[in-house]
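Descriptive structure summary
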Amino acid sequence: MKEVFIKTLSMGIVLCILTACTGRPSPSTYSNSSATSSDSNVEADNKNTEPTATGFKNLTRPYYSVLGCGGESGYYETRARDDGSANVTYIDYSSQREIYLCNAPGCAHDNEGCTSWISAENAGVFPLISSDHLLLIHRTYGGEEGKQSLSRIDAASLDGSNRKTLITFNNGERLGDVFCTNGESLICSLTTLEQLPDTLESTFTLCMIDLNTGERVDLYVEDTTDGIQPEFLGVTETGYAVLHSSQQTKTESDFPGKEWSEISDEIARSTFHQWEKIPIGGNCCESFYEYTGNIQQLLMADGLYFYDVNTKKLIRISVQDSNIDEVADFISTDGNSAYIDGKFDEWLLMSIRHYEQHPNVEYPVAIESCYAINTQTKEVKELNIKQEIAEDRTIPIMLGQSATDLLLITDSQTDNVEHYGFEYSIISKEGYLNSDVAELRKVSFIEDGSNVS
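Residues numbered from 1 in each chain as written. Predicted model: local features only at pLDDT ≥ 70, side-chain atom pairs only at ≥ 80, totals over all residues. Heavy atoms only, no water.

1. Let's talk about the packing of aromatic side chains
The full count for this structure, using the stated rule, is 12 aromatic pairs. Where W275 meets F306, the ring centres are 5.6 Å apart and the plane angle is 10°; that geometry is what we call stacked. One end of the pair, W275, is in strand β17 (residues 271–279); the other, F306, is in strand β20 (residues 303–308), with 31 residues separating them in the sequence. There is no split in this pair, since W275 and F306 are both buried. An aromatic cluster of three or more residues is present, and its members are Y75, F422, Y424 and F445. Lying over the aromatic face of Y240, K277 brings its terminal NZ or CZ to 4.9 Å of the ring centre. (Phe/Tyr/Trp six-rings, centres within 6.5 Å; stacked < 30°, edge-to-face > 60°. Helix = DSSP H or I, 4+ residues; strand = E, 2+ residues; numbered from the N terminus. Buried < 20%, exposed > 50% of the residue type's maximum accessible area, 1.4 Å probe, protein only. Lys NZ or Arg CZ within 6 Å of the ring centre and 35° of its normal.)

2. Focus: the side chain of E77
Of note, E77 is situated in strand β3 (residues 74–80). The buried charged residue E77 lacks any salt bridge partner; its closest oppositely charged side chain belongs to R79, at an N-O distance of 5.9 Å. Beyond its immediate sequence surroundings of up to four residues, E77 is in contact with L67, G68, N87, V88, T89, I91, E98, P127, H419 and Y424. (Lys, Arg positive; Asp, Glu negative; His and termini not counted. Salt bridge = Lys/Arg side-chain N within 4 Å of Asp/Glu carboxyl O. Contact = heavy atoms within 4.5 Å.)

3. As for the layout of surface pockets
Where empty space is left becomes clear once a probe the size of a water molecule has been rolled over the atoms. In this structure, the largest pocket encloses a volume near 920 Å³. What lines the largest pocket is a set of 33 residues, among which K57, N58, M300, K343 and Q401 lie closest to the centre. For the lining of the largest pocket, the secondary-structure elements that each account for two or more residues are β1 (57–58), β2 (68–70), β19 (295–300), β23 (337–344) and β29 (397–401). Residue composition of the lining of the largest pocket, by class: 15 nonpolar, 10 polar and eight charged. (1 Å grid on protein atoms, 1.4 Å probe; cavity = no way out; pocket = protein on both sides within 12 Å on 5 of 7 lines; lining within 4 Å. Points joined across faces, edges and corners; volume = space filled by probe spheres on them. Nonpolar A, V, L, I, M, F, W, Y, C, P; charged D, E, K, R; others polar.)

4. As for the pattern of salt bridges
By the definition in use, this model includes 18 salt bridges. Across the pair D177 and R139 runs a salt bridge whose closest N-O atoms are separated by 3.3 Å. One end of the pair, D177, is in strand β11 (residues 173–181); the other, R139, is in the loop between β8 (133–138) and β9 (152–156), with 38 residues separating them in the sequence. The partly exposed category is assigned to D177, whose relative accessible area is 23%. E266 is paired through a salt bridge with R269; the nearest N and O atoms lie 2.5 Å apart. With E266 and R269 both in helix α1 (residues 260–269) and three residues apart, the pair spans about one turn of that helix. A residue is classified by how much of its surface remains accessible, and E266, at 23% relative accessible area, is partly exposed. R269 gets classed as partly exposed once you look at its relative accessible area, which sits at 32%.

5. Section: the sheet that holds strand β18 (residues 286–292)
On the basis of which strands lie adjacent, the open sheet formed by four strands has the order β15-β16-β17-β18 and antiparallel pairing. Pairing within the sheet leaves two strands with one partner each, and these edge strands are β15 (231–235) and β18. Taken pair by pair, the neighbouring strands of this sheet meet at an average axis angle of 20°, ignoring direction. Here β17 runs beside β18; their pairing, made up of six bridges, is antiparallel. For E276, the partnering residue across the bridge sits in β18 and is S287. (Pairing = 2+ DSSP bridges. Axes fitted to C-alpha atoms, helices over the stretch in contact; angles between N-to-C directions.)

6. Here's the deal with a negative patch on the surface
On the surface, a cluster of negative charge is contributed by D82, D83, D110 and E418. Structurally, D110 can be placed in the loop between β5 (97–100) and β6 (117–118). Residue classification places D110 among the partly exposed positions, given a relative accessible area of 37%. (Patch = residues over 30% accessible without salt bridge, like charges linked within 9 Å, V, L, I, M, F, W, Y side chains within 5 Å. Areas by Shrake-Rupley, 256 points an atom, 1.4 Å probe, with all protein chains shown as cover. Charge placed at Lys NZ, Arg CZ, Asp CG, Glu CD.)

7. Some thoughts on the pairing of β17
Counting buried residues along β17, nine of its nine residues qualify, which places the element largely inside the surrounding structure. Every second residue of β17 is oriented toward a common face, with T271, H273, W275, K277 and P279 on one face and F272, Q274, E276 and I278 on the other, all of them buried. Examined bridge by bridge, strand β16 (residues 240–248) and β17 share nine bridges and lie antiparallel to one another. When the sheet's bridge partners are listed, S245 is paired in β17 with Q274. Once β17 ends, the chain turns through six residues before running back antiparallel as β18, passing G281 with a positive phi of about 90°.

8. Focus on the environment of V309
With respect to the helices, strands and loops of the structure, V309 is situated in the loop between β20 and β21 (313–317). Assessed through its relative accessible area of 7%, V309 is described here as buried. V309 sits 26 residues away from G335 along the chain, and the two C-alpha atoms are 7.7 Å apart. Beyond its immediate chain neighbours, meaning those up to four positions away, V309 contacts N294, G335, N336 and S337.

9. Considerations on unusual backbone geometry
The phi torsion at D345 lies on the positive side, around 50°, for a residue other than glycine. On the secondary structure map, D345 appears in the loop between β23 and β24 (347–356). Accessibility expressed as a relative area gives 46% for D345, which makes it partly exposed. Positive phi, close to 70°, is recorded for K378, a residue that is not glycine. Residue class for K378 comes out partly exposed when judged on its relative accessible area of 32%.

10. Remarks on the confidence of the model for the protein chain
It should be kept in mind that the predicted coordinates are not to be read in detail where pLDDT is low. Model confidence for the protein chain is summarised by a mean pLDDT of 85, while 86% of its residues fall at 70 or above. For residues 1–44, every residue scores under 50 in pLDDT, and the model assigns this stretch 123 contacts once sequence neighbours within four places are set aside. Scored below 50 in pLDDT, residues 449–453 shows 12 contacts in the model against residues more than four places distant or in partner chains. (pLDDT = per-residue confidence, 0-100.)

11. Re the sheet that holds β19
Through backbone hydrogen bonds, the strands of a sheet pair up, either in parallel or in antiparallel fashion. Read from one edge to the other, the open sheet built from four strands follows the order β19-β20-β21-β22, with strand pairing classed as antiparallel. Lying at the two open borders of the sheet, with one neighbouring strand each, are β19 and β22 (324–329). Direction aside, neighbouring strands of the sheet carry axes that sit 20° apart on average. Here β19 pairs with β20 via six bridges, running antiparallel. When the sheet's bridge partners are listed, M300 is paired in β20 with G303.

Written out as structure tokens, the structure is:
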């Protein structure tokens, strides 16, 4: 679940559908160091670079297995049933209990009269929370017999009632991984693939959906070949959608006679990255930062964070004005990969992984050093609460948060088959920052038998 960032993308031609913008430059036009650029070939009068909608929050992240979504008071997710149907459930932060999203006394939660039930032909759904909207995202790749063939989004009240279809997408349109909202609109990406005799053509679309009417507006469209597309990272709080593309500038052919173990690090360091921004409601797409290196990244409301595995620096880039801020330096930390888990208040959660060979263990054991970094004061706290996965010790993944508490995955290799092997815990933000294990409050799941409703 943590291998969520690595993907090589082409530097194809960018098309803005509302006005002409320059295409992406070739990586060869940039030096092998960080730089900024803008689309100087476009007449200034033709460019509307200011967002007209702001206040966005990123609900999911690229290439991440979506489990559910947290609101201010609790966490929503779906649970599969033996017959192929599913239920929406709710974990209340204050009581640490999971319940079906249904208030009907004596309900069996297995038919359309239940506000939590999802039929087998519509299963494979995950919930998102946007202000007072519960959104049920139906992603489908089509072609599976007996399943809904078109992707769609249903909207309901937070208690599961008043469910209705908000929007149904066109045949062949596949929803991406990232969804962002400001309470009024939902931003997401779509992919359309077409297999031609000699190539795979695709269309990448960034669209905005009105959460009250279901009206769809396509903000940006890019046609590509070979099915390789830009990566949608999310939307900043100030209203800029961010796209990422990357390309390796060195390959095995550049190192004749060398083993992969000798060259893999150099190849990873040679990866060229480019980020572009699209103002929501504006009419142009422009590059705001380029970098060459082996990085792990995450877009947050206040900017793009990335960690360079080789320089061991955590950097924040302002999407709005391309300002660069070095947030932390981990030069004394041993590690060859990293993971940025998210942010609560001013604290960014990150782990750096190294491997150890343990007695009687056949594989290299993953050990992560976990940190909370204050993005304002630059203070770094090492966190000792970790998730135990067999011999591996990794960061507890943050699922949701309230004003005072965090919902964490504190184990993901248990006998709890009904809940995908996960164990969740609630802890206060202060308790987590202080690594106070005694503060962890285990979530009671429905199958525990103590809270069946």
